[in-house]
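Read off the chains here:
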Amino acid sequence: MIKPPVSNPYSCIVILFISIFLVRFNPSLQPFLDRSSNNEILSDTIPRTQNDSSGHKDHITHKNNYIVRFFEYKKAEDHRTYLQSNLRSKGWEWIERNNAASNFPTDFGLLCIEESARPILFEQFAKLQLVKDVSADLSYSRRLNVKGPGRVGAFVDGKKRAGKILTSMSFIDGEYYTTINNSTPGWHRHLMMQRSQVTSLFGADALWAKGYTGAKVKMAIFDTGIRANHPHFRNIKERTNWTNEDTLNDNLGHGTFVAGVIAGEDSECLGFAPDTEIYAFRVFTDAQVSYTSWFLDAFNYAIATNMDVLNLSIGGPDYLDLPFVEKVWELTANNIIMVSAIGNDGPLYGTLNNPADQSDVIGVGGIDYSDHIASFSSRGMSTWEIPHGYGRVKPDVVAYGREIMGSKISTGCKSLSGTSVASPVVAGVVCLLVSIVPQNKRRDILNPASMKQALVEGAAKLSGPNMYEQGAGRVDLLESYEILKNYQPRASIFPSILDYTDCPYSWPFCRQPLYAGAMPVIFNATILNGMGVIGYLESPPTWHPTDEEGNLLSIHFTYSEVIWPWTGYIALHMQIKEEGSQFNGVIEGNVTFNVFSPPAKGEVTRSSTCILHLKLKVIPTPPRAKRVLWDQFHSIKYPPGYIPRDSLDVRNDILDWHGDHLHTNFHIMFNMLRDAGYYIETLGSPLTCFDARQYGTLLMVDLEDEYFQEEIGKLRDDVAYTGLGLVVFGEWYNVDTMVKMRFFDDNTRSWWTPVTGGANVPALNDLLSSFGIAFGDKILNGDFTIDGEQSRYASGTDIVRFPRGGYVHSFPFLDSSESGATQNILLTSGMTKADSPILGLLEVNEGRIAVYGDSNCLDSSHMVTNCYWLLRKLLDFTSHGRKDPILFSKSVKLEAPLYQDDNQLPTRRTDVEFSAYSSVNGKELICRSDSRFEVWGTKGYSLQVRGRNRRLPGYPVIDLGRGLNSTVESFYSTRRTNLGGKNKGDSLGNKYLGFFYKDEVFCF
């Protein structure tokens, strides 16, 4: 048996510490194929069992393909023999993979398994010591990203296409292109052609003049292939096919264009590094479909053949496809520099594509020739960390990605746009930079971290975009060249500066100052370790303020226990101490820590000091009425669950995958609230983990999770007895409609069913039951006007319970739910649409509540019209007690309560294992690291809130609305009355749990 040599002696250490993702640092594979120039390798067809555009069999055969991953690299035949000897059940067969990687040891096998035998086989797999895990052989599907109705994504007209769920990740056809002919282009056309000569814009000719042209650099292009003897390329070393089609050629033009941007030599569409050795990996079929198993084999082969750089211009939202993600980690751990497009889902935020969103990958966004972020370029932040943390800065860099010239399939040039264009621009830059380092020194100096350091430190920061749009800025080839030319291995932080006075680059931090009593502000930075694939922090980071006032800042740190591969994270959880509640000014200083990498044989330990500079704006604590708390904890997104889009009118993007965070798809709302003078804080822990007396309003928008009983009880008391305002924006929820949205996903070989609706209405109804409020299961659509403001109600729900004396606004809408279909048919005969209640306002004891049944008007993802005007009026009411005369018109005041029996309220699905996606069901109630430091690791109750023992000169300890020795529990126990249940005999249904509403006589 041939065993690959170990490429790093610390792989066993990594296995111990990266257990959170079950990471195994597999050794590098050394090539032992005698390959010659222009070697061409075809793969045999791999049988499939699902019906799709790749010719897969119909799923009626009840057989599906699964990837079995092993802990060790061995010959495929050895893995097969191991399974045959240890699996007692039948119903499976080994699929031979006859491709370029079949001569190398592998760490996985592809099995065709009968679905009837799957449960018992999976139990047996779990008992096998050499088996790491088993997962479906996911498929990847990509379509050309064209403007207008031709754009196709993972869903068409609400139905799932064959292939893995990926965003439209490819090119946009450019307006300008050239061909080899005798015509003379017009003046405007000529200008655009010259501007599209992207190599000159980066100064590549200056490095060419020095003799650097990408020589001896092995460039792997994972795409649609390339044709042999293409006249634009001088150094096509190898073409390999990993698909089930019997061809090596590029029949789409995608892979050829990418290769041309990197290494083309035609004078009309020059590439950056014409002497780069091109290795074309054909991983997509002509139908633009691929499978995880194809990628895994191709990645293994790239490792085995010692590729230097790899470009991957595809991606999607599923960062939990662990076989794929972990293989990318292994790829970069083996010193392959991966460059990937960040995605074409802009201008929306929270739309980063994987693998470009991984810290070990160079993620590339797109700009135009005016240095504006291209509208199509996806924006950050990363959403892996949400809801319990804060995302990382991505993209890493941006490059020109609009109207770039590249090679056509056979001959000639054309212009295309997209982040898939920007990605090979950076990949070409990387190839050129690699070639400046002598071959015998490359392994000592060049790695994914050192290359990213050269790119981000050399990048030119653009004046308009923020860090989550541009990353470090526009790539500057010559500056990166100067950095790399004199590079000594070291560690660094990206970004290395957080400056609250630098707007708009430091958005959203620069939009809201720090102040005492707030939830921690979290800043998540990336550690780049150019000293080695593995590293550690020698000791916890420390904060070094530049003056005495800096001691008003308290920072807790969370960070990677092991920095691998090449990268890690450090998160700053920042609070202003209570004695700083009246401070107004700037706090400045440095966060420092040391990173070390264990020595390889014959080396010494490498160590480096990292510095993150902070310049923070601090203001006195705002009044309670100006402070709003955003509930992030109860949000669930894709992945991992099938969380449907909030607007059912959006048929081609049905997954809710943008994070639902203040700084992703609700970023415009965040800016609006700041402009209105509100301060918005984020709660990523249960409702027991905040002090309600500090906030005017709790804002709950589009929430999908359940609630702990302790949360329900605390919120009831917070509203009734502390005067907390509550604003709830619901969403549609209809079980029949969810069942209809069920689809068979040929990727995972399973039926996908929505985990919940647009919002979890049954859970919201439990939360609001104390106040006599409940949402229904209608799905309402239509336009309406309040006080001259026209709005669109898009797949919102209705209000079916509301107490007497409240104010409820109703409008005639169509009900598009399954149960409303009959009604809508009758309406075509001339019947009048019935009014549906959608907006309710209520005073409860000391608190105020506003509920609205649709959140699409706040979500920038697929907004038709915004309702920021309405949100401002609701906050005027809940936080300030101001009543808008239109919203509180006598004509909408309820003389009798709205009431629907319990058996008519929306119910939870019983066919979904909700606990697999929930942070509540089956989980422990605990305050996480995004809550106040005082309650970290507690349930939030009975924890003494202590003042700081140390007072700084001129900054007395301030009581922020409570005695410093009081407890949350003791406060509520003094105000809590003996509350009983709702009196079912009360025909008015107006007293819930003992609450009295403002129009009724009330006394303690």
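You'll find the structure just up there.
Residues numbered from 1 in each chain as written. Predicted model: local features only at pLDDT ≥ 70, side-chain atom pairs only at ≥ 80, totals over all residues. Heavy atoms only, no water.

**Let's talk about the overall build of the protein**
In plain terms, the rule: Only DSSP runs of H or I with at least four residues qualify as helices, and only runs of E with at least two residues qualify as strands; both kinds are numbered from the N terminus onward. Partly exposed residues are those whose accessible area sits between 20% and 50% of the maximum for their type, while under 20% is buried and over 50% is exposed, using a 1.4 Å probe and protein chains only. Whether two residues touch is decided by their heavy atoms; if any such pair falls within 4.5 Å, the residues are in contact.
A tally of regular secondary structure across the protein gives 21 helices and 42 strands. Counting every position in the protein, which comprises 1004 residues, the buried fraction comes to 63%. Sequence separation of at least 24 residues holds for 79% of the intrachain contacts in the protein that already meet a minimum separation of 6.

**Considerations on empty space enclosed by the protein**
Operational definition: A 1.4 Å probe that fits into a set of points on a 1 Å grid over the protein atoms alone but cannot get out defines a cavity; an open set with protein on both sides within 12 Å along at least five of seven lines defines a pocket, and lining residues are those with an atom within 4 Å of a point. Grid points are joined across faces, edges and corners, and a volume is the space filled by probe spheres set on the points. Amino acids outside the nonpolar list (Ala, Val, Leu, Ile, Met, Phe, Trp, Tyr, Cys, Pro) and the charged list (Asp, Glu, Lys, Arg) are all regarded as polar, and Gly is one of them.
The full count for this structure, using the stated rule, is six cavities of 30 Å³ or more. Taken as a whole, the largest cavity holds about 370 Å³ of empty space. The wall of the largest cavity is formed by 25 residues, among which Pro520, Val521, Ile522, His663 and Thr682 lie closest to the centre. Contributions of two or more residues to the lining of the largest cavity are made by β22 (521-529) and β30 (679-683). With three residues, β30 is the largest single contributor of residues to the lining of the largest cavity. Across the lining of the largest cavity, the residue classes break down as 16 nonpolar, seven polar and two charged.

**Focus on the state of the cysteines**
Filter applied, for reference: Disulfides are defined in this document as cysteine sulfur pairs within 2.5 Å.
Counted by the stated rule, this structure contains four disulfides. With a sulfur-sulfur separation of 2.1 Å, Cys269 is cross-linked through a disulfide to Cys413. Judged by the sign of its S-S torsion, about -60 degrees, the cystine formed by Cys269 and Cys413 is left-handed. One end of the pair, Cys269, is in the loop between α7 (254-263) and β12 (277-282); the other, Cys413, is in strand β19 (residues 413-417), with 144 residues separating them in the sequence. A single burial state applies to Cys269 and to Cys413, both of which are buried. The side chain of Cys503 participates in a disulfide bridge whose partner is Cys510; the two sulfur atoms lie 1.9 Å from each other. Sign of the S-S torsion, about 85 degrees for the bond between Cys503 and Cys510, identifies this disulfide as right-handed. Using a relative accessible area of 41% as the deciding quantity, one classes Cys503 as partly exposed. For the protein, the bonded cysteines pair up as 1-2, 3-4, 5-8, 6-7 when numbered in the order they occur along the sequence.

**Focus: the packing of helix α8 (residues 292-304) against helix α9 (residues 322-333)**
For clarity, the cut-off: In this analysis, axes come from line fits to C-alpha atoms, helices being fitted only over the stretch in contact, and the angle between any two N-to-C directions falls in the range 0 to 180 degrees. Geometric relationships in this document are graded by angle, where less than 35 degrees denotes roughly parallel, more than 145 denotes roughly antiparallel, 65 to 115 denotes roughly perpendicular, and other angles denote oblique.
Direction vectors running N to C along α8 and α9 enclose 10 degrees, while the axes themselves pass 10 Å from each other. Here α9 runs roughly parallel to α8, going by the angle between their axes. Contacts between α8 and α9 involve Thr292, Phe295, Leu296, Phe299, Asn300, Ala302 and Ile303 from the first element and Pro323, Phe324, Lys327, Val328, Glu330 and Leu331 from the second.

**Concerning the pattern of salt bridges**
Worth spelling out the cut-off: Every case where a carboxyl oxygen of Asp or Glu lies within 4 Å of a side-chain nitrogen of Lys or Arg is listed as a salt bridge.
Counting across every chain of the model gives 36 salt bridges. For the salt bridge of Asp396 with Lys452, the shortest nitrogen-to-oxygen distance reads 3.3 Å. Residue Asp396 is found in the loop between β16 (362-367) and β17 (397-400), and its partner Lys452 is found in helix α12 (residues 448-458); the two are separated by 56 residues along the sequence. Residue class for Asp396 comes out buried when judged on its relative accessible area of 2%. Through salt bridges with shared partners, a single network forms among Arg69, Lys132, Asp133 and Glu326.

**Describing the packing of helix α10 (residues 419-434) against helix α14 (residues 477-485)**
Keep this limit in mind: In this scheme, a crossing is called left-handed if the near helix is turned counterclockwise away from the far one by less than a right angle; it is called right-handed if the turn is clockwise.
With their axes 10 Å apart at the nearest point, α10 and α14 run at an angle of 35 degrees to one another. Here α10 runs over α14; the crossing is right-handed. Only Leu477, Ser480, Tyr481 and Leu484 of α14 make contact with α10, whose side of the interface consists of Val429, Leu432 and Leu433.

**Some words on the sheet that holds β30**
What counts, and what does not: Only strands that DSSP links by at least two bridges are regarded as paired with each other.
Taken together, seven strands build an open sheet; the order of strands is β30-β29-β31-β32-β42-β41-β39 and the sheet is mixed. Every interior strand has two partners, whereas the edge strands, β30 and β39 (807-812), have only one. Adjacent strand axes in the sheet meet at a mean angle of 15 degrees, parallel and antiparallel pairs treated alike. Two strands pair when backbone bridges link them, and strand β41 (residues 835-844) and strand β42 (residues 847-852) are joined in this way by six bridges, in the antiparallel orientation. Bridging across to β42, Val844 finds its partner in Gly847. Against the sheet, helix α20 (residues 868-880) touches β29 (627-631), β31 (697-701), β32 (725-729), β41 and β42, its axis set at about 160 degrees to β42.

**Observations regarding the packing of aromatic side chains**
So the rule is basically this: Each aromatic pair joins two rings of Phe, Tyr and Trp (for Trp, the six-membered one) with centres within 6.5 Å, and gets the label stacked for planes under 30 degrees apart, edge-to-face for over 60, and tilted for any other angle. We call a charge positioned above a ring when the Lys NZ or Arg CZ atom is no farther than 6 Å from the ring centre and deviates by at most 35 degrees from the ring normal.
Scanning the model with the defined rule gives 37 aromatic pairs in all. Between Phe295 and Phe324, the aromatic rings sit 5.5 Å apart at their centres with planes inclined by 75 degrees, giving edge-to-face as the arrangement. Here the residue Phe295 occupies a position in helix α8, and Phe324 occupies one in helix α9, the gap between them amounting to 29 residues. According to the relative accessible area criterion, Phe295 is buried, its value standing at 0%. For Arg118, the ring lying beneath its charged end belongs to Phe122, and the centroid distance is 5.7 Å. A cation over a ring is seen here: Lys461 above Tyr505, with NZ or CZ 4.6 Å from the ring centre.

**A word on the pairing of β32**
This is how the line gets drawn: Crossovers are marked right-handed if the path from the first strand over the helix to the second runs clockwise, as seen with the strands pointing away from the viewer.
Here β32 lies mainly inside the structure; five of its five residues are buried. Covered by surrounding structure in β32 are Gly725, Val727 and Phe729 together with Leu726 and Val728, the residues of both alternating faces. In terms of strand pairing, β31 meets β32 through five bridges, oriented parallel. Note on β32: the bridge partner recorded for Thr697 is Gly725. Traced from β31 through helix α16 (residues 709-722) to β32, the parallel crossover comes out right-handed. Both β32 and β42 contribute to a ladder of five bridges, which runs parallel. By the bridge assignment, Val727 is partnered in β42 with Ala850.

**Side note on the sheet that holds strand β4 (residues 106-114)**
Here four strands make up an open sheet; going across it, the order is β3-β4-β2-β5 and the pairing antiparallel. Looking at strand neighbours, the two that pair on one side only are β3 (92-94) and β5 (131-136), the edges of this open sheet. For this sheet the average axis-to-axis angle between neighbouring strands, irrespective of direction, equals 30 degrees. Sheet analysis places strand β2 (residues 63-74) next to β5, joined by five bridges and oriented antiparallel. Across the sheet, Phe70 pairs through a bridge with Val131, a residue of β5.

**Quick look at the nonpolar core**
Definition in use: Note on terminology: a nonpolar core comprises buried Ala, Val, Leu, Ile, Met, Phe, Trp, Tyr and Cys residues joined through side-chain atoms within 4.5 Å.
Judged by nonpolar contacts, the single largest core of 158 residues is most densely connected at Leu614, Met669 and Phe729. Considering every element that reaches this core, the biggest residue donor is α10, with 11 residues. Core analysis: the second largest hydrophobic core is formed by 48 residues, Tyr638, Leu687, Leu715 and Ile773 among them.

**Topic: the environment of Leu724**
Turning to its location among the elements, Leu724 is positioned in the loop between α16 and β32. Judged by its relative accessible area of 0%, Leu724 is buried. The sequence separation of Leu724 and Thr697 amounts to 27 residues, and the corresponding C-alpha distance is 5.8 Å. Leave out the neighbours within four places in its chain, and Leu724 touches Arg624, Phe690, Ala692, Tyr695, Gly696, Thr697, Leu698, Leu715, Asp718, Val719, Gly847 and Arg848.

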